[in-house]
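# Fold and contact review
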Number of protein chains: 2
Amino acid sequence: MKARVTVTLKTGVLDPQGKAIEGALKSLGVDGIDSVRQGKVFDLELGGADKAAAEAAIKAACDKLLANTVVENYRIEIL
Amino acid sequence: MKARVTVTLKTGVLDPQGKAIEGALKSLGVDGIDSVRQGKVFDLELGGADKAAAEAAIKAACDKLLANTVVENYRIEIL
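Residues numbered from 1 in each chain as written. Chains lettered and ligands numbered in written order. Predicted model: local features only at pLDDT ≥ 70, side-chain atom pairs only at ≥ 80, totals over all residues. Heavy atoms only, no water.

The name recorded for chain A in an unreviewed UniProt entry is Phosphoribosylformylglycinamidine synthase subunit PurS, from Phreatobacter stygius. We quote the UniProt Subcellular location (unreviewed entry) comment for chain A here in full: "Cytoplasm". Reading the Catalytic activity (unreviewed entry) entry of the UniProt record for chain A gives the comment "N(2)-formyl-N(1)-(5-phospho-beta-D-ribosyl)glycinamide + L-glutamine + ATP + H2O = 2-formamido-N(1)-(5-O-phospho-beta-D-ribosyl)acetamidine + L-glutamate + ADP + phosphate + H(+)". (UniProt positions renumbered as here; feature names shortened; annotations may be inferred.)

What follows concerns the side chain of Thr8 of chain B. Looking at where Thr8 of chain B falls in the secondary structure, it is placed in strand β1 (residues 2-9). Setting aside anything within four residues of it in sequence, one finds Thr8 of chain B in contact with Arg4, Val41 and Asp43 of chain A together with Val71, Glu72 and Asn73 of chain B. (Helix = DSSP H or I, 4+ residues; strand = E, 2+ residues; numbered from the N terminus. Contact = heavy atoms within 4.5 Å.)

Relative orientation of the contacting elements helix α2 (residues 51-66) of chain A and helix α1 (residues 16-27) of chain B amounts to 105 degrees, with a least axis distance of 11 Å. Taken together, the axes of α2 of chain A and α1 of chain B lie roughly perpendicular to each other. Contacts between α2 of chain A and α1 of chain B involve Ala61, Leu65 and Leu66 of chain A from the first element and Ile21, Ala24 and Leu25 of chain B from the second. (Axes fitted to C-alpha atoms, helices over the stretch in contact; angles between N-to-C directions. Parallel < 35°, antiparallel > 145°, perpendicular 65-115°, else oblique.)

Contacts between the two partners involve 34 residues from chain A and, on the opposite side, 34 residues from chain B. Viewed at the interface, chain B and chain A are joined by 14 residue pairs in polar contact (both at pLDDT 80 or more). Looking at the side of chain A that touches chain B, the elements that each hand over two or more residues are β1 (2-9), α1 (16-27), β2 (33-46) and α2 of chain A. Looking at which element gives the most residues to the side of chain A that touches chain B, the answer is β2 of chain A, with 14 residues. (Polar contact = N/O pair within 3.5 Å; in protein donor to acceptor, adjacent residues only side chain to side chain.)

As a further point, take the pattern of salt bridges. Any two side chains of opposite charge can pair, on the condition that their charged atoms come close. The full count for this structure, using the stated rule, is 12 salt bridges over all chains. The partner of Arg75 of chain A in a salt bridge is Glu77 of chain A, and the shortest N-O contact between them spans 3.9 Å. The exposure class of Arg75 of chain A is partly exposed, given its relative accessible area of 45%. The class of Glu77 of chain A is partly exposed, set by a relative accessible area of 28%. Across the pair Asp43 of chain B and Arg4 of chain B runs a salt bridge, and its minimum N-O distance is 2.7 Å. Note that Asp43 of chain B is positioned in strand β2 (residues 33-46) and Arg4 of chain B in strand β1, a separation of 39 residues in sequence. Given the relative accessible area of 15%, Arg4 of chain B is considered buried. (Salt bridge = Lys/Arg side-chain N within 4 Å of Asp/Glu carboxyl O. Buried < 20%, exposed > 50% of the residue type's maximum accessible area, 1.4 Å probe, protein only.)

Here it is as structure tokens:
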């Protein structure tokens, strides 16, 4: 089974990396992009066929390691 | 207009960061996740209302800065 986890910063949390990308795009002459926020994506492969067990394992992985839930949200998609 | 760009490593490109996450998940006792590959996600806000112009600007941003097209693929979604 394949799954994708997308981790993004919560609204209101400053994103200096995104701001740096905005500045770099302006320097490179790419116009029309007003704001950039960067996040992370994790493509997972899971062995079992049980969807509920897979979701539980992914949720544990997100809470323990993949996302810092103080400042980040995560979204799980089973593909 | 909002858009999301997802940048992932091409198939066959080694991902040491993903391997490190796999190892860390095993150490943390999260079972059932066989493989992890990490990518990046960029949430963009664009000023104009012209979808074609927005896509062109995002494509330029990806080719020039957001993705290293030698080893990475990117996918653009207009939201």
